[in-house]
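Fold and contact review
Listed here are the chains, written in short residue letters.
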Amino acid sequence: MTGVLVPDAPGAPGARVDVLNTLFHSDQGGHEQVVLCQDRASGLKAVIAIHSTALGPALGGTRFYPYANEEAAVADALNLARGMSYKNAMAGLDHGGGKAVIIGDPELIKTEELLLAYGRFVASLGGRYVTACDVGTYVADMDAVARECAWTTGRSPENGGAGDSSVLTAFGVYQGMRASAQHLWGDPALRGRKVGVAGVGKVGHHLVGHLLAEGADVVVTDVREDSVRRVTGSHPGRVTAVGDTETLIRTEGLDIYAPCALGGALNDASVPALTAKVVCGAANNQLAHPGVEKDLADRGILYAPDYVVNAGGVIQVADELHGFDFGRCEKKAAKIFDTTLAIFARAKEDGIPPAAAADRIAEQRMAAARSRSH
């Protein structure tokens, strides 16, 4: 979305955030419901934010992160839930937007008891919110949550789920890149294009596979050295690793920049330094603040809205509720190519950046659903 509350970098907003003012009085508010959850026996502290159920039950993942403070956690939940409303609307899903965050370091406090307690809180909402994986939570965690809550997706195939949603997330981002190439260069092929991928963890390493299969020249970076080693080891001699994101975005001859880690990657420092002509990545909330989308447009950089191109994962987990079929999901995720092209066309027609065009289309779908329900 063009107007964001805080960067999608959990813990980054160290300052206190007036979350009640945001919720009730700001343009970024308007959420239907926010639930604060606590189970002292297990140490659970969580926030569940439901932004909209206009299109159907709210759907969004559970983030497990050591936030700087509780206000930052609530602010992140509000921001991410709002983003899910837009993402689900643009993906053509009959779901509204919601998100949950569990406060704490998952390496230190994540236990089965805590996950079961969390599942009970989600279940208490009676299906208004459907949860899945996000940063800090995995398929095995959703299997545990599902023991207490029927409205859980992202489970393992052994437990009736679809498994790792990052596979189709990467596929959707790849389709967004192809659409960007078609719009900018008149050809969707990525062969010979230099693509920089920042973050090669859950989604990024699958994206690298798609790019290499098409013959792209891939440059990567990640704060975790083991993630870089995994990618370079899987594709010996075919991937170039650089030290950090700042080096990556300044790489000479870069055609496409793909932020695939945490958000806020497009900011006042990074945008002027970008050498790429296209930004298309998997990270949520890439625009650090309102106005960045215009800065990109002013520099002639084509931005593929993050919540549009990274919707493959939510398409997958939504399908799980109806009996998962990978082929059916892949076909839906492939439509991200057409959706992205339509956004670029709308942006050109309305004389606005692509991020604003995507917002308009999503808002129109949600408004139409609300008008039908009244």
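Read on for a plain summary of the structure. (Residues numbered from 1 in each chain as written. Predicted model: local features only at pLDDT ≥ 70, side-chain atom pairs only at ≥ 80, totals over all residues. Heavy atoms only, no water.)

**Quick word on the overall build of the chain**
Within the chain, the regular secondary structure consists of 16 helices and 12 strands. Since a compact globule built from 374 residues should have a radius of gyration of about 21 Å, the 19 Å found for the chain is in line with a globular shape. Counting only C-alpha atoms and orienting by the principal axes, one finds that the chain spans roughly 55 × 45 × 45 Å. Buried positions account for 57% of the 374 residues belonging to the chain. The contacts in the chain between residues at least 6 apart in sequence include a share of 68% that link residues at least 24 apart. (Helix = DSSP H or I, 4+ residues; strand = E, 2+ residues; numbered from the N terminus. Rg over C-alpha atoms; globule rule 2.2 N^0.38 Å. Buried < 20%, exposed > 50% of the residue type's maximum accessible area, 1.4 Å probe, protein only. Contact = heavy atoms within 4.5 Å.)

**A closer look at empty space enclosed by the protein**
Here the structure, examined in full by the defined rule, presents 2 cavities of 30 Å³ or more. As a volume, the largest cavity reaches approximately 70 Å³. As for the largest cavity, its lining consists of Asn79, Leu80, Gly83, Met84, Lys87, Lys99, Asn284, Asn285, Asp306 and Tyr307. For the lining of the largest cavity, the secondary structure elements donating two or more residues are helix H2 (70-90) and helix H12 (306-309). If one sorts the elements of the lining of the largest cavity by residue count, H2 sits on top with 5 residues. (1 Å grid on protein atoms, 1.4 Å probe; cavity = no way out; pocket = protein on both sides within 12 Å on 5 of 7 lines; lining within 4 Å. Points joined across faces, edges and corners; volume = space filled by probe spheres on them.)

**What about the nonpolar core?**
Ranked by size, the top nonpolar core spans 45 residues in total, and within it Met177, Val197, Leu207, Val208, Leu211 and Val218 carry the most contacts. The element best represented in this core is helix H6 (residues 166-185), accounting for 7 residues. Setting aside chain neighbours within four positions, we find Met177 in contact with Leu190, Val195, Leu207, Leu211, Ile256, Ala258 and Cys280. In this structure, Ala100, Leu114, Leu115 and Cys149 belong to the second largest nonpolar core, which totals 22 residues. (Core = buried A, V, L, I, M, F, W, Y, C linked by side-chain atoms within 4.5 Å.)

**Observations concerning H6**
Taking 1.5 Å as the rise per residue, H6 with 20 residues should run 28 Å; its terminal C-alpha atoms sit 28 Å apart, in good agreement. Counting buried positions over the 20 residues of H6 gives 14, a clear majority of the element. Just past H6, the residue Gly186 takes up positive phi, approximately 80 degrees. (Expected span 1.5 Å × (residues − 1).)

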